[in-house]
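Below are the chains, spelled out letter by letter.
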Amino acid sequence: QVQLVESGGGLVQPGGSLTLSCALSTSIFSARTMGWYHQAPGKERELVARITPGGSTNYADSVKGRFTISRDNAKKTVYLQMNSLKPEDTAVYYCNTAPNIYYIWGQGTQVTVSS
């Protein structure tokens, strides 16, 4: 069973930055399009960024220009660099395959943007 382990969240002031990491325990990581999702309280989980095996990226309009997704296939890890954070970015962040979900969700990592 593939495990997804997200880390790097925390409390940050508006305008600040965080880098999230997600490590996977699968030998076929390099063949998967991976995504970062967030889920705010009372809202549906939604995809905010994805990266193909070849490195092409797509972003939700709400994070475009502020977030950068990247991957290290050797480390089986996907990253989300988040800059210029806003209070509305507050959510639990998860990684998984995208757009189709193939793995059981991990525990996520909480990001709170507040002064």
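Below: a short report on this structure. Predicted model, so just to flag it, every value in this text is computed and none were measured.

Reading the values: rules and limits
- Residues numbered from 1 in each chain as written.
- Predicted model: local features only at pLDDT ≥ 70, side-chain atom pairs only at ≥ 80, totals over all residues.
- Heavy atoms only, no water.
- Helix = DSSP H or I, 4+ residues; strand = E, 2+ residues; numbered from the N terminus.
- Disulfide = S-S within 2.5 Å.
- Buried < 20%, exposed > 50% of the residue type's maximum accessible area, 1.4 Å probe, protein only.
- Pairing = 2+ DSSP bridges.
- Axes fitted to C-alpha atoms, helices over the stretch in contact; angles between N-to-C directions.

1. Digging into unusual backbone geometry
Right, on to step 1. Cis geometry is found at the peptide bond from A98 to P99, where omega equals -5 degrees.
Right, on to step 2. Its identity as a non-glycine residue notwithstanding, K76 has a phi of 55 degrees, on the positive side.
Right, on to step 3. Along the chain, K76 falls in the loop between β7 (67-72) and β8 (77-82).
Right, on to step 4. In this structure, S84 takes a positive phi of about 50 degrees despite not being glycine.

2. With respect to the state of the cysteines
Right, on to step 1. Here the structure, examined in full by the defined rule, presents one disulfide.
Right, on to step 2. Across the disulfide, C22 is cross-linked to C95 (sulfur-sulfur distance 1.7 Å). Taken together, the residues C22 in strand β3 (residues 18-24) and C95 in strand β9 (residues 91-97) connect sequence positions 73 residues apart.
Right, on to step 3. Residue classification places C22 among the buried positions, given a relative accessible area of 0%.

3. Comments concerning the sheet that holds strand β1 (residues 4-7)
Right, on to step 1. The strand order across the open sheet built from four strands is β1-β3-β8-β7, with neighbouring strands paired in antiparallel fashion. Strands at the two margins of the open sheet, each flanked by one partner only, are β1 and β7. With direction set aside, neighbouring strand axes in the sheet form an average angle of 15 degrees.
Right, on to step 2. As judged from the six bridges shared by β7 and β8, these two strands associate in the antiparallel manner. When the bridges of β8 are listed, S70 appears paired with Y79.

Everything listed is a geometric property; what it means functionally is a separate question.
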